[in-house]
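Structural characterization, general
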Amino acid sequence: MLKELLLVTQIKKGDIKAFEQLFRRYYAPLCWYATSIVGNRETAEEIVEELFYTIWKEKEKLNIFRSVKSYLYASAWNGCLQHRRQKLKDEELQRKMSQDTPAYTSSPEDEAEFEELQKVIDDCLARMSAQRRNIFLMHRNEGLKYAEIATRLSISVKTVEANMSKALAALRKDIETYYKE
């Protein structure tokens with residue numbers, strides 16, 4: 001327990017090796033635990049990946065006073081509950097929408113706007129580095145998780161996260177500019 005609390009102290013200082021050690025030790029067991037709660041391996045992996053992403057992103061604020069293992073399992077439990085609540089809300093909204101909303105048909109103006117917006121997105125993607133564009137498309141079009149992309153491209157998950165953040169920021173900026181015009 002003391003060794004793990006030392007890891008947390010090192011992580012708070014930005015030690016990526018300590019973070020990777022914690023990740024390697026707990027990732028698989030937490031995925032199995034989360035799978036037993038949500039019933040889906042891919043969803044469980046997303047929840048655990050988000051947990052570790054948050055730990056790294058908020059490392060300076062990380063305060064663990066009890067066992068690290070207990071903290072991680074409790075955080076995974078909370079992530080699973082949050083996922084289940086959101087899933088129920090989404091299902092309820094979908095059910096309500098299917099009852100209340102008539103089928104949508106697009107107008108020629110809507111189709112023209114969609115084509116213009118698609119061009120803005122395509123132009124933005126074309127300006128990105130090949131690696132960033134590839135990472136974005138693998139995630140969005142192929143539905144690959146960050147860890148899968150990292151494995152496929154032989155890069156770190158952190159590199160994938162950084163590239164996705166920058167790609168999304170660029171797209172957001174270009175789309176906001178498009179709507180302001």
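Attention here is on the structure that accompanies the text. From a predicted model like this one, the values you see are computed outputs, not experimental measurements.

Okay, a negative patch on the surface next. Residues Glu109, Asp110, Glu111, Glu113, Glu115 and Glu116 make up a contiguous surface patch of negative charge. Of note, Glu113 is situated in helix 5 (residues 108-127). A residue is classified by how much of its surface remains accessible, and Glu113, at 34% relative accessible area, is partly exposed.

The subject of this paragraph is the packing of helix 2 (residues 16-38) against helix 3 (residues 41-57). Where helix 2 meets helix 3, the closest approach of the two axes is 8 Å, and the angle between their N-to-C directions is 145°. Crossing angle aside, the handedness with which helix 2 passes helix 3 is right-handed. Residue-level inspection shows Ile16, Phe19, Leu22, Phe23, Tyr26, Tyr27, Leu30, Cys31, Trp32, Ala34, Thr35 and Val38 of helix 2 in contact with helix 3, the latter providing Arg41, Thr43, Ala44, Glu45, Ile47, Val48, Glu49, Leu51, Phe52, Ile55 and Trp56. Grouping the constituent residues of the contact of helix 2 with helix 3 by class yields 18 nonpolar, 2 polar and 3 charged.

Below, the discussion takes up helix 3. Its 17 residues give helix 3 an end-to-end C-alpha distance of 24 Å, which sits within 8% of 24 Å, the value for a rise of 1.5 Å per residue. Taken together, the buried positions of helix 3 are Thr43, Ala44, Glu45, Ile47, Val48, Glu49, Leu51, Phe52, Ile55 and Trp56.

Next up on the list: unusual backbone geometry. The backbone of Ser154 sits at a positive phi, close to 55°, despite the residue not being glycine. You can see Ser154 is positioned in the loop between helix 7 (146-153) and helix 8 (157-180). Note on Ser154: relative accessible area 67%, which makes it exposed.

A complete count under the given rule lists 6 aromatic pairs for this structure. Here the aromatic rings of Phe19 and Phe52 are separated by 6.1 Å at their centres, their planes lie at 80°, and the arrangement is edge-to-face. Of the two residues, Phe19 sits in helix 2 while Phe52 sits in helix 3, which places them 33 residues apart along the sequence. For Phe19, a relative accessible area of 5% puts it in the buried group. Judged by its relative accessible area of 2%, Phe52 falls in the buried class.

Let us now look at the nonpolar core. Grouped together as the largest cluster of nonpolar side chains are 26 residues, with contacts concentrated most on Ile11, Leu22, Leu30, Val48, Phe52, Ile55 and Leu72. For this core, the elements supplying multiple residues, two or more each, are helix 1 (2-12), helix 2, helix 3 and helix 4 (68-100). Looking at this core element by element, the count peaks at 10 residues for helix 2. Ranked by size, the runner-up nonpolar core spans 13 residues in total, among them Met128, Ile135, Leu144 and Val160.

About the cut-offs
- Residue positions are given per chain, counting from 1 as you read along its sequence in written order.
- Reporting in this predicted model follows two pLDDT cut-offs: at least 70 for local features of residues, and 80 or more for side-chain atom pairs to be given and counted; totals over whole chains, interfaces and linings ignore these cut-offs and use all residues.
- Excluded from the side-chain calculations are hydrogens and water; all other atoms, namely the structure's heavy atoms, are used.
- Each patch is assembled from residues with relative accessible area greater than 30% and no salt bridge, linking like charges that lie within 9 Å and nonpolar side chains (Val, Leu, Ile, Met, Phe, Trp, Tyr) that lie within 5 Å.
- Accessible areas in this description were obtained via Shrake-Rupley with a 1.4 Å probe; residue shielding takes into account the shown protein chains only.
- Here, a salt bridge means any Lys or Arg side-chain nitrogen found within 4 Å of an Asp or Glu carboxyl oxygen.
- We score Asp and Glu as negative and Lys and Arg as positive, and we do not count His or the chain ends.
- Charge coordinates come from a single atom per side chain, which is NZ of Lys, CZ of Arg, CG of Asp or CD of Glu.
- Counting from the N terminus, the helices are DSSP H or I runs at least four residues long and the strands are E runs at least two residues long.
- Burial classes: relative accessible area under 20% of the type maximum marks a residue as buried, over 50% as exposed, and values in between as partly exposed (1.4 Å probe, protein chains only).
- In this description, a line fitted to the C-alpha atoms serves as the axis of each element, helices being fitted only across the stretch in contact, and the angle between N-to-C directions of two axes falls anywhere from 0 to 180 degrees.
- Handedness of a crossing is defined here by the sense of rotation of the near helix relative to the far one, left-handed for an anticlockwise turn of less than a right angle and right-handed for a clockwise turn.
- Should any heavy atoms of two residues lie within 4.5 Å, those residues are counted as being in contact.
- Classes in brief: Ala, Val, Leu, Ile, Met, Phe, Trp, Tyr, Cys and Pro nonpolar; Asp, Glu, Lys and Arg charged; the others, Gly included, polar.
- For a helix, the expected span equals 1.5 Å multiplied by the residue count minus one.
- Stacked, tilted and edge-to-face pairs are distinguished by plane angle, under 30 degrees for stacked and over 60 for edge-to-face with tilted covering the rest, among Phe, Tyr and Trp rings (Trp via its six-membered ring) whose centres lie within 6.5 Å.
- Only buried residues count toward a nonpolar core, which is a set of Ala, Val, Leu, Ile, Met, Phe, Trp, Tyr and Cys residues joined through side-chain atoms within 4.5 Å.

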